[in-house]
Amino acid sequence: MAEEDSSVKEGYAEIVVVRHGETSWNAERKIQGHLDVELNDAGRQQAEKVAERLSKEPKVSYVYSSDLKRAFETAQIIAAKCGKVEVLTDPDLRERHLGDMQGLVYQEASKLRPEAYKAFSSNRTDVDIPGGGESLDKLYDRCTSALQRIGDKHQGERVVVVTHGGVIRSLYERGRPSARKVEKILNTSVNVFRLFDGDKWTIQVWGDVSHLDQTGFLQSGFGGDRTSG
């Protein structure tokens, strides 16, 4: 009976949104944005752990991923464990473009790029970051539209989406618009969304990293989160 209860029903798509594994830049608190940084050893171990977890849960039909290496490599590891399903990349699942902030250590950004830092720190959601960066509004529109497209295509299925911290914060706002903003999005955290007919979103699971409980590298996944990695 429990098996049946956990299966995906018609009328909604179940989307397991996973943040990529750790990179050396996360650990060093360097700002990544659209810069293409690969996983470090801890990140690959995290990806293996979340892949093992998802392989024991209800069947995954497809894995979608940002086309940046840190997400795509995480997605490939998950796909290999979940029956060698196909990985489909979508640039709309990329992290927020952080303009002139990209490549800087977070603590030094305010001195080195004061205008960009001011825009990044603004409470307004319509402020673009100098150097080609996106506003929070642009990020929200881009990534919520991407997830809606995936949900519309996979009604009655369970799919995995591997993406980035800033994207996941925006998806949370779409799923729980009246809730307080979230800060920490941990590496390989599991967040389960259901997208119903008629554009209704619910969040079933949020920020679950129980698959990392027995590892020695969970703490190292905490760094760099304000850097939208």
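Residues numbered from 1 in each chain as written. Predicted model: local features only at pLDDT ≥ 70, side-chain atom pairs only at ≥ 80, totals over all residues. Heavy atoms only, no water.

- As named in an unreviewed UniProt entry, the chain is Phosphoglycerate mutase-like protein 4 isoform X1, taken from Raphanus sativus.
- The record in UniProt for the chain states the following under Sequence similarities (unreviewed entry): "Belongs to the phosphoglycerate mutase family." (UniProt positions renumbered as here; feature names shortened; annotations may be inferred.)

**Notes on the confidence of the model for the chain**
Then, in step 1: Summing up the model confidence of the chain, the mean pLDDT is 90 and the portion of residues at 70 or higher is 90%.
Then, in step 2: The low-confidence segment residues 220–225, where pLDDT is below 50, has 22 contacts with residues more than four positions distant or belonging to other chains. (pLDDT = per-residue confidence, 0-100. Contact = heavy atoms within 4.5 Å.)

**Remarks on the pairing of strand E5 (residues 190–196)**
Then, in step 1: Counting buried residues in E5 gives six out of seven residues, a clear majority hidden from the surface.
Then, in step 2: Relative to E5, strand E1 (residues 12–19) runs antiparallel, the two being bridged by seven bridges. Across the sheet, the residue bridging to Val17 is Asn191, located in E5.
Then, in step 3: Relative to strand E6 (residues 201–208), E5 is paired through five bridges, and the arrangement is antiparallel. Across the sheet, residue Arg194 finds its bridge partner in E6, namely Thr202.
Then, in step 4: Connecting E5 to the antiparallel partner E6 that follows it, the hairpin turn spans four residues, and Gly198 within it adopts a positive phi of roughly 85°. (Buried < 20%, exposed > 50% of the residue type's maximum accessible area, 1.4 Å probe, protein only. Helix = DSSP H or I, 4+ residues; strand = E, 2+ residues; numbered from the N terminus. Pairing = 2+ DSSP bridges.)

**As for the UniProt feature "binding site: substrate" (unreviewed entry) in the chain**
Then, in step 1: Here, UniProt's "binding site: substrate" (unreviewed entry) annotation points to Arg19, His20, Gly21, Glu22, Thr23, Ser24, Trp25, Asn26 and Arg70.
Then, in step 2: Structurally, Arg19 is set in strand E1.
Then, in step 3: Its relative accessible area of 0% is what places Arg19 among the buried residues.
Then, in step 4: Within the structure, Arg19 has its side chain in polar contact with the backbone oxygen of Ile185 (distance 2.7 Å).
Then, in step 5: Residue position: Trp25 is located in helix H2 (residues 24–28).
Then, in step 6: Once residues within four sequence positions are removed from consideration, Trp25 is found in contact with Lys30, Ile31, Gln32, Leu35, Val37 and Gly103. (Polar contact = N/O pair within 3.5 Å; in protein donor to acceptor, adjacent residues only side chain to side chain.)

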